[in-house]
Structures are given as C-alpha cells and as structure tokens.
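# Residue-level structure breakdown
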Amino acid sequence: MNVQIKQKIGFGVLFAATLLVVVPIVAIIGLIITKGWSAISWEFLFSMPKDGMRAGGVFPAIVGTFYLVSGAILFSLPIGVMAAIYLNEYAKDNALTRLINLAIINLAGVSSVVYGLFGLSLFVVFFKFGVSIISGSLTLGIMTLPVIITTTREALRAVPKSFRQVSFSLGATRWQTVRHSVLPFALPGILTGAILSIGRAAGETAPILFTVAAFYVPDLPKSPFDQTMALPYHLYIISTQIPNIREDYRYGTALVLVGLVLIVNISATIVRARYRRKKW
Amino acid sequence: MIILRDGLDKRTMHKIEIRNLNLFYGKFQALMDVSMNLKPNTITAMIGSSGCGKSTLLRCINRMNDLIEDVSVKGSVFIDGEDIYHTYVDLVKMRRKVGMVFQRPNPFPLSIFENVAFGLKIHHLAKGKALESRVEESLKAVLLWEELKDRLNASALDLSLEQKQRLCIARLIALKSEVLLMDEPCSALDPIATQRIEELMAELKKNYTIVIVTHNMQQAARVSQETGFMLLGELVEFGLTTDIFTHPRDKRTEDYITGRFG
Ligand SMILES: Nc1ncnc2c1ncn2[C@@H]1O[C@H](COP(=O)(O)OP(=O)(O)OP(=O)(O)O)[C@@H](O)[C@H]1O
Ligand SMILES: [Mg+2]
C-alpha cells in the first residue's frame, strides 16, 4: 500500500477515536443544558425545596456538597501531601515501600461503593460518628487520598534532581530541601491534583449514600454531626423516588452539579496554565 | 566538634587532607586508597579519562555521596584538620564551608536576588539590609554586579549560561564558603565564556581553595597550580601542574597527557 494512503488511514482512525471520546461528552452536556437551563434561577439555586421537592430550590444540596467536599479536602490534602513527600523524598526503595505503592495504585481503582461501605462500618458504626457530615467527609477524603498522593508524587518527581543536589550542597537538611527547593516548585501540580479530586468528590454518590446523605432535611446542617442533603444524591432521588417531577427540575439539578464540577476543573486548568510558563 | 589529628592543628598548610580514601558503590570500588593534600588558595585540577572517579572523589570532599544509596566510604577527609567523616561532624556547617559548582549551571527558577540569597535565607544568616549587602558583595565577587544590579528581580533562568554559572558561584560565596568544588564547570560553556570563568577562578583563588575536575587538559594546565591524574579509581600521580605536564614521573600519566589513550 502507498505510504501516503497508509498515513491518511492512520490519521482517520485516530481522529475517529478522538471524536468517539468527545462527541458523547459534548452531547451529554448539551442535553443537560438544553433541558435544564429553563429551571435555573436565583430561587432554584438559593432556596429550600418545596412541595415534596417538586418545587423550590436545591440550596441545601449545594450547601451539603460544599461542606462534604471541603471536609474531604481538609482531611485528604494534608495527609496525602505528607504521605507523598514521605514516599518520594524520604522512603528508601525497599519491599515495604513497594508494597505501599502497590496498595495506593490499587486503592485508586477500588469502586466508590466499597468506600461507602468502609465509611459506614468505620466512621458511622465503629467511631460512632453516626450518619453525619463528618462520616461522609472522611469517607470522601479517603476515597480521594490515592489521587492526591499520586498527583503529588508526580509533581514532586517533576522537580529536577539538581534542585535537591544544590540545596544539599548548600548545607540544607532534608526537610529544608523539601520545604525550600522542592515543594514551592511542585505546588502548581499539587494544587491541580487537589482541585481535580474536589471535582471527583463532589460528583460521587456511592460513598455518601450510607454515611451522610439525607433524603430531605428541612434545615441547613448546623454541626458536623448533622446529616445533610447533597447534590448527586438529591439528583438520584428526584430522578427515581419522586413521581411526576418536572423534567427541567431534574436536568436543572444535574446542570448545577456538572456546572460546579466544571468550574472547579477549569480553575485547575487555569492554575496549571499559569505556572506552565515557568520552565526549568 | 573539632577532631584534631596528632601533631596537626589549624596552622596546617593543608586545607584539605585526603587519607586512604576508598569508596564502594555497592560492590564496585570506585576509589582505591586515594591520599592527597590540597593547599589553601590553590587551584587543584583533577584529570583522567571518563569513569575514573574524578566526580566521585570530588563528592567525597563535601560528602555529597551520602545522598546516593548503597555507598560506603572508608578513610578520612580532613578539612582544616577536622575529619568530615567523623560521626560527630556537623554536616550542615561543613557543607556551608565546602561549596559545590555543578557541571550544568543550575540556578533555581527564582529571581537573581533570591538565588544568591537562597543559602543565607535557609540558614537564617542574614535578612533585610544585611542580606542585600551580602548579595551585592557576592555578585561583585563573581563580576556580575555591574551587569545585573538593575534587574536583580528578573528570573535567573533568563541569564546566559555563563552568567548562570557565575550566579551559582555567587550563591556559594554568599555563604562564605572556603572551598569551591567544581565539577567540569565550563563543559556547557563556549570558549569565550570558558575563558572568562577561568579568569574568575584565578581571581577567586586569592580567597578560596578550589578543586576543579576537567576533561580539558589545556584548561588544567592554564588554571591550576597542582594537578592529580586518576586512572580506574586510583590517584596515579599528583604534584605541581608544571611537573605533571612537562615531565610526568609515571608512564601512564605521560600516555594520558600526550593523548595516547583516554
Ligand atoms: N551512583 C553510582 N552508582 C554506581 N556506580 C557509580 C555511581 N556513580 C558513579 N559510578 C561509577 O563509578 C565510577 C566513577 O564514576 P565518576 O562519575 O566518579 O567518574 P568521572 O571520572 O567523574 O567520569 P566523567 O569524566 O565521565 O564524569 C564509574 O565507573 C561509574 O560508573
Ligand atoms: Mg564526572
């Protein structure tokens, strides 16, 4: 076969594969926007649900998701970053370290409903936190840990070895080296990972199903030990449990969820782009 | 803590004394019983073919080999009479005294000022006005001040390679290092930049003890007063540069400098 033709076919196949990825995403977002846009209003975003959740707004679900995600990141970001620093900068390459690495990789692949069950038995039952924001946050936090550890390690590894060498050769201790010659230059990467895992935590239903999510609560949560509504779970129940609900209500809720995650992801892209100019 | 050897005190004429140094990377022996005395305010050149252990020896003088896993060192390196391989030695203080310049100029992606101030800041040695004047002094010492004084806040990454290498030297001078270990500091530079760095070295020699590893025999002959020739981990010959290059005592040295091998 002619090289030119081969080239064209190869290009065509790759392009088709790309389309296959992009088209469904665009289609889903398009569908959600066209069907849900009419529901979006100040009232929808900032008021409590009414009439058995057939009217009013999704405000408590937005607030709940905000609390859950903040709690999750507050827990997983420091622990994940510290673990990554330990693994990348301190740990010797021995059997134990390799085992830990393997565990982290596998944890990232565990299905989210398993995290939900784990959170139920550990936080809700064993620690007696009950079905509460704190149980849900911790469960989401544990779920995002592997992602945070992996992206942080990636970011640490991208910092040239020579920075560490110079720092040591100037008499810095290992911690000073990490603190002054590695972390500052890994920060954009770490933040990107953190923001992406916020997006993931915001969208998950299974981990909060048994640990925090409430069908309906008349007030906003007041303490970490309260239950709360949350966007993904709210979407699930209004789609399956409530008969004759207006269609734009469901799609409006989906739009809020997708919109929030999208905003978070776009800000991650911006953070990355801003720092990408700094090459070394 | 200062460990003094018998009959040797601070008045010793040797800045650095390497005694029976053996180094192993795992089972591979990279340095074989190396002993040599380096004089203060002298440039000592280390020459030898690739893989003979020059960089390894250099890294022994500020214990940078400690960072490599599975390295074991036997023997001693005395700096100002103090064995840096002694258990109680203060590594941080020692490394401040013995600075290293690397093959590729490697400033941090920070401003020119921040690069020079880096060591001072992490060791909390100076701040405010004192910091500024130390930075100025250091940049003057490497003859960069006039060129750069108006853009100290510009990124160090935008400098030329030669300026970057000078900046890396200034970073050490700011810490008041006394020994400068230079591992092929000019190999990334063009001939003119190389010449200018060599002039700088001659200038710095007045205040510092310099050890330079180089592949360039002309450079060794030009800049150094003493030269060591290494082969397969062994220090074959060490003496005055003029002697090494004009009438080497060892056949292997002669073969190397006349280009018969290596
Ligand atoms: N980290 C290491 N682990 C194992 N072996 C090493 C390591 N570093 C160097 N070696 C080996 O030790 C020997 C000496 O290496 P070294 O880098 O000191 O040589 P060199 O004289 O500086 O060479 P070059 O002129 O190429 O820089 C070489 O055989 C090298 O392969
Ligand atoms: Mg070398």
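Look a little higher up for the structure.
Residues numbered from 1 in each chain as written. Chains lettered and ligands numbered in written order. Predicted model: local features only at pLDDT ≥ 70, side-chain atom pairs only at ≥ 80, totals over all residues. Heavy atoms only, no water.

## Digging into the overall build of chain B
Stated precisely, the cut-off is as follows: To qualify as a helix, a DSSP run of H or I must reach at least 4 residues; to qualify as a strand, a run of E must reach at least 2; elements of each kind are numbered from the N terminus. Both definitions apply: the radius of gyration is a C-alpha atom measure, and the globule rule equals 2.2 Å times residues to the power 0.38. We call two residues in contact whenever any of their non-hydrogen atoms come within 4.5 Å of each other.
Across its full length, chain B holds 10 helices and 10 strands. Here the C-alpha atoms of chain B give a radius of gyration of 19 Å, agreeing with the 18 Å that 2.2 N^0.38 yields for 262 residues. When the backbone C-alpha atoms are referred to their principal axes, chain B occupies close to 55 × 45 × 35 Å. If you take every contact in chain B between residues at least 6 apart in sequence, the share linking residues at least 24 apart comes to 67%.

## Some remarks on the packing of aromatic side chains
Residue and element names in this part refer to chain A. Rule in force here: Only centres within 6.5 Å qualify two rings of Phe, Tyr or Trp (six-membered ring in Trp) as a pair; their planes then separate them into stacked at under 30 degrees, edge-to-face at over 60, and tilted for everything else. Whether a residue is buried, partly exposed or exposed follows from its accessible area with a 1.4 Å probe, protein chains only, as a fraction of its type maximum: under 20%, in between, or over 50%, in that order.
A complete count under the given rule lists 16 aromatic pairs over all chains for this structure. Between the aromatic rings of Phe44 and Tyr249, the centroid separation amounts to 5.3 Å while the plane-to-plane angle is 85°, which identifies the pairing as edge-to-face. Of the two residues, Phe44 sits in helix H2 (residues 42–46) while Tyr249 sits in helix H11 (residues 247–276), which places them 205 residues apart along the sequence. Given the relative accessible area of 1%, Phe44 is considered buried. The rings of Phe118, Phe123, Phe126, Phe127, Phe129 and Phe225 are connected pair by pair, giving a single aromatic cluster.

## What to know about the site of ligand 1
Residue and element names in this part refer to chain B. Worth spelling out the cut-off: Each residue is tested against the molecule or strand, and it is near if at least one of its non-hydrogen atoms lies within 4 Å. N or O atoms closer than or at 3.5 Å make up a polar contact, with two conditions inside protein: a donor-capable atom paired with an acceptor-capable one, and, for residues adjacent in sequence, both atoms drawn from side chains. Shrake-Rupley sampling with a 1.4 Å probe provides the accessible areas, and residues are treated as covered by the protein chains on show and by no other component.
Around ligand 1, 13 residues are found, and the nearest of them are Ser50, Gly51, Ser55, Thr56 and His215. Contact distances for ligand 1 include 2.5 Å between an oxygen atom and a side-chain N or O atom of Ser50. In this structure, an oxygen atom belonging to ligand 1 sits 2.6 Å away from a side-chain N or O atom of Ser55. Taking 630 Å² as the accessible area of ligand 1 by itself, protein coverage stands at 64%.

## With respect to the sheet that holds strand S3 (residues 43–47) of chain B
Residue and element names in this part refer to chain B. Applicable threshold: For two strands to count as paired, DSSP must find a minimum of two bridges between them. Axis geometry follows a simple rule: fit a line to the C-alpha atoms, using only the stretch in contact for helices, then measure angles between N-to-C directions, giving values from 0 to 180 degrees.
One open sheet holds the 6 strands; their spatial order is S6-S7-S8-S3-S9-S10, and the pairing between them is mixed. Looking along the sheet, the strands with just one partner apiece sit at the ends: strand S6 (98–101) and strand S10 (234–240). Across the sheet, the mean angle from the axis of one strand to that of its neighbour is 15°, orientation sign disregarded. Pairing analysis gives 5 bridges linking strand S7 (residues 179–183) to strand S8 (residues 209–213), with the strands arranged parallel. Its bridge partner being in S8, Leu180 is matched across the sheet by Ile210.

## Re the packing of helix H3 (residues 59–90) of chain A against helix H6 (residues 133–158) of chain A
Residues and elements named next belong to chain A. Stated precisely, the cut-off is as follows: Crossing handedness is defined as follows: a turn of the near helix away from the far one that is anticlockwise and smaller than a right angle gives a left-handed crossing, while the clockwise case is right-handed. Put simply, Ala, Val, Leu, Ile, Met, Phe, Trp, Tyr, Cys and Pro go in the nonpolar bin, Asp, Glu, Lys and Arg in the charged bin, and everything else, Gly too, in the polar bin.
It is at 6 Å that the axes of H3 and H6 come closest, and there the two elements cross at 35°. Where H3 crosses over H6, the two elements pack in a sense that is right-handed. Taken together, the residues that form the contact of H3 with H6 break down as 20 nonpolar, 9 polar and 3 charged.

## Details of the pairing of S10(B)
Within a regular beta strand, the side chains point alternately toward one face of the sheet and then the other, so they alternate between its two faces. All names here are of chain B. Across 6 bridges, strand S9 (residues 226–231) lies against S10 in antiparallel orientation. Looking at S10, one finds that Thr227 is bridged to Gly239. With antiparallel pairing between neighbouring strands as the criterion, S9 and S10 make up a hairpin whose turn holds 2 residues, including Leu232 at a positive phi of roughly 45°.

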